[in-house]
Amino acid sequence: MQMIDTEKVFEYSGYKKEDFSVCLGCKICASVCTLNDIGENVNPQEILISIFLGKVLNTHPLVRLCTSCYRCTDSCPWSIRIPEVIRALKEISQKEESFGKAFRSSIKIFGRIYEPYVILKLSSVLLRKGYIKFFPKWIEYFSLHLPHFVRRD
Amino acid sequence: MVYAYYPGCSLKGSAKKLDVGIRKVFGVLGMHLEEIPDWNCCGAVEYGDASEIRSMSRKNLFKALKVSTRIIAPCPLCSKNLKESDGSGEFSILHPLDVLSLDFLMSIPAKKDLKGYVITPYYGCLLLRPKETAIKDKEIMEKVILSFGGQVAGEEIKDKCCGGNKFFVDKEIVYKLSKIVLKKSSPFIVVFCPLCHMVLKTFSEGQKVLYFTDLILYILGEKKEL
Ligand code: SF4
Ligand code: SF4
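In this numbering scheme, every chain counts its residues from 1 along its sequence in written order. Chains and ligands are labelled by the order in which they are written, letters from A for the one and numbers from 1 for the other. Given that the model is predicted, a residue must reach a pLDDT of at least 70 before its local features are reported, and side-chain atom pairs must reach 80 or more before they are shown or counted; all residues, however, enter totals for whole chains, interfaces and linings. Excluded from the side-chain calculations are hydrogens and water; all other atoms, namely the structure's heavy atoms, are used.

### Some points on the interface of chain B and chain A
Stage number 1. Only heavy atoms enter the contact rule, under which two residues are in contact if any of them lie within 4.5 Å. Facing 49 residues of chain B, the contacting portion of chain A comprises 50 residues.
Stage number 2. Buried area is understood as the total, over both parts, of accessible area removed when two parts are fitted together, assessed with a 1.4 Å probe. Buried area between chain B and chain A, both sides added, is near 4700 Å², and the carbon and sulfur share of it is 54%.
Stage number 3. On the chain B side of the contact with chain A, Asp38, Glu46 and Phe168 of chain B bury the most area, a combined 14% of that side's loss.
Stage number 4. Salt bridges are defined as contacts in which a side-chain nitrogen from Lys or Arg sits within 4 Å of a carboxyl oxygen from Asp or Glu. At the boundary of chain B with chain A, the tally comes to eight salt bridges.
Stage number 5. Among the salt bridges present, the one from Glu132 of chain B reaches Arg81 of chain A, with a minimum N-O distance of 3.2 Å.
Stage number 6. Of all the secondary structure elements, the ones that give two or more residues to the side of chain B that touches chain A are helix H2 (50-64), helix H3 (76-85), helix H7 (171-184) and helix H8 (194-203) of chain B.
Stage number 7. Amino acids are sorted into nonpolar (Ala, Val, Leu, Ile, Met, Phe, Trp, Tyr, Cys and Pro), charged (Asp, Glu, Lys and Arg) and polar (every other residue, Gly among them). Across the side of chain B that touches chain A, the residue classes break down as 19 nonpolar, 11 polar and 19 charged. Numbering of helices and strands starts at the N terminus; helices are DSSP runs of H or I of at least 4 residues and strands are runs of E of at least 2.

### Here's the deal with the pattern of salt bridges
Stage number 1. This model, assessed by the stated rule, comprises 27 salt bridges over all chains.
Stage number 2. Ionic pairing is found between Glu205 of chain B and Lys179 of chain B, a salt bridge with its closest N-O pair at 2.8 Å. Here Glu205 of chain B, found in the loop between H8 and strand E8 (208-211), pairs with Lys179 of chain B, found in helix H7; they are 26 residues apart in sequence, far enough to count as distant.
Stage number 3. Among the ionic contacts, a cluster of salt bridges with common partners joins Arg81 and Glu84 of chain A together with Lys80, Glu84 and Glu132 of chain B.

### Some remarks on the sheet that holds strand E5 (residues 118-121) of chain B
Residues and elements named next belong to chain B.
Stage number 1. Here, strands pair whenever DSSP counts at least two bridges between them. The parallel open sheet is built from four strands, whose spatial order is E6-E5-E7-E8. Since the sheet does not close on itself, it has two edges, and those belong to strand E6 (151-152) and E8, each with one partner.
Stage number 2. Here three bridges tie E5 to strand E7 (residues 188-191), and the two strands are oriented parallel to one another. Bridged to Ile119 within E7 is Phe188.
Stage number 3. Only C-alpha atoms enter the line fits that serve as axes; for helices the fit covers just the stretch in contact. Angles between N-to-C directions range over 0 to 180 degrees. On top of the sheet, helix H9 (residues 212-219) reaches E5, E7 and E8; it is set at about 80 degrees to E8, its chief contact.

### Concerning the sheet that holds strand E1 (residues 2-5) of chain B
Residues and elements named next belong to chain B.
Stage number 1. Spatial ordering of the open sheet is given by E2-E1-E3-E4, a layout of four strands whose pairing is parallel. The strands lining the two open edges of the sheet, one partner per strand, are strand E2 (32-35) and strand E4 (92-94). Neighbour-to-neighbour, the strand axes of the sheet open up by a mean angle of 35 degrees, direction not taken into account.
Stage number 2. The sheet contact formed by E1 and E2 spans four bridges and is parallel. Following the sheet pairing, Tyr3 is matched in E2 by Leu33.

### Observations concerning the domain arrangement of chain B
Residues and elements named next belong to chain B.
Stage number 1. Domains assigned within chain B are domain 1 (2-94) and domain 2 (110-219).
Stage number 2. The centre of domain 1, based on its C-alpha atoms, is set 21 Å off from the matching centre of domain 2.
Stage number 3. Taken together, the 17 residues of domain 1 in the interface contact 15 residues of domain 2.
Stage number 4. The contact between domain 1 and domain 2 buries some 1400 Å² in all, and 79% of this surface belongs to carbon and sulfur atoms.
Stage number 5. Among the residues of domain 1 in contact with domain 2, Lys17, Leu18 and Pro76 are the three that bury the most area, contributing 35% of the side total.
Stage number 6. Inspection of the domain 1/domain 2 interface yields zero salt bridges. Reported domain spans reflect what an automatic or database domain assignment gives.

### Some remarks on the pairing of E7 of chain B
Residues and elements named next belong to chain B.
Stage number 1. Only protein chains enter the accessibility calculation, which uses a 1.4 Å probe; a residue is then buried when its area is under 20% of its type maximum, exposed when over 50%, and partly exposed in between. Here E7 shows a buried face lined by Phe188 and Val190 and a second buried face lined by Ile189 and Val191.
Stage number 2. The sheet contact formed by E7 and E8 spans four bridges and is parallel. Bridge assignment links Val191 to a residue of E8, and that residue is Tyr211.
Stage number 3. Handedness of the crossover is the feature at issue here: the chain leaves E7, passes through H8, returns alongside E8, and the resulting connection is right-handed. Note on handedness: a crossover is taken as right-handed if, strands pointing away from the viewer, the path from the first strand over the helix to the second is clockwise.

### A look at the environment of Cys33 of chain A
Residue and element names in this part refer to chain A.
Stage number 1. Summarising the element assignment, Cys33 is placed in the loop between helix H3 (28-32) and helix H4 (45-52).
Stage number 2. Between the C-alpha atoms of Cys33 and Tyr70, which are 37 residues apart in sequence, the distance is 8.6 Å.
Stage number 3. Among all residues touching Cys33, those that are not within four sequence positions of it are Val42, Pro44 and Leu62.

Set out below in structure tokens:
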């Protein structure tokens, strides 16, 4: 576990510490979490508690796997936006994956996600991690189009 | 009626079909879409700082002012981000399903019906959640399918998550999640999101994955088969 600045998690997610003190511990979030449909056995509430206590669990499996589906938020009595808290945590603990990095780099260069650039940047990951076998099904997704460069202000 | 159109990054590439479909449907129905000049990425889910995403989306709202304050954004994630960036409610940010209401769709010049088709409308996550940015009528597609003589199946998975945004992080997890959806779906699955389309198509064995625009174009007689 790496010590990280919980203040930043609050700042990034737009929450205050008091907002988490209302959590009832009902674990409805865990009962509806998408990842538990496939037996990952995760409890999103643990993340809130750990931030509330100032001990951040940035190794929690949800940091990597939360799909931002908002099922937890939708069922939570306080509508806490757990995926946004997790995204803040992920950013602060620098757990960005190569996919996210390629996206950001594209936004930096073009102002948009320009897919041909992203694919080029990820080509070694796509090769190594066995995505090539999907290419025949992906033909309709590939299109040659020129990038647009968004004006800087 | 002129709308400012925000296609978003995917619709310029992998989801070109959705872009073409939206333009065509709106065109046939006599509504004019004008693309927002020099729009930028909405921020997707790529930044941990929520205010950074809001400010990226906010820029697009200002760029839209040259066209209209009524903005159409077909990608569920873009429409969520744009809706959330409009703090004071001066804009009207709409997913196409907010515009193409049931009454309206029932009055379109239909050339074909859906008799004999069993269809699963798969909304996924962001059209239905969080509630602040969700579409107004959460059963609109079921109603459209039934109204045009089709049958609806697989409603229990309509709001499940396909795992799409983790596809390039952990494909095994996404495989398992999409199988839950595919197992309960009929041979025709109607989707709204570019990532849902890609994931379900990748793991489908023979089931057909369609955009909702394909369905409307079929009814309008603009598309030969489903
Ligand atoms: S948003 Fe993340 S934590 Fe919440 S239910 Fe979905 S996967 Fe689980
Ligand atoms: S559903 Fe909400 S209140 Fe209940 S444990 Fe989860 S975060 Fe806390």
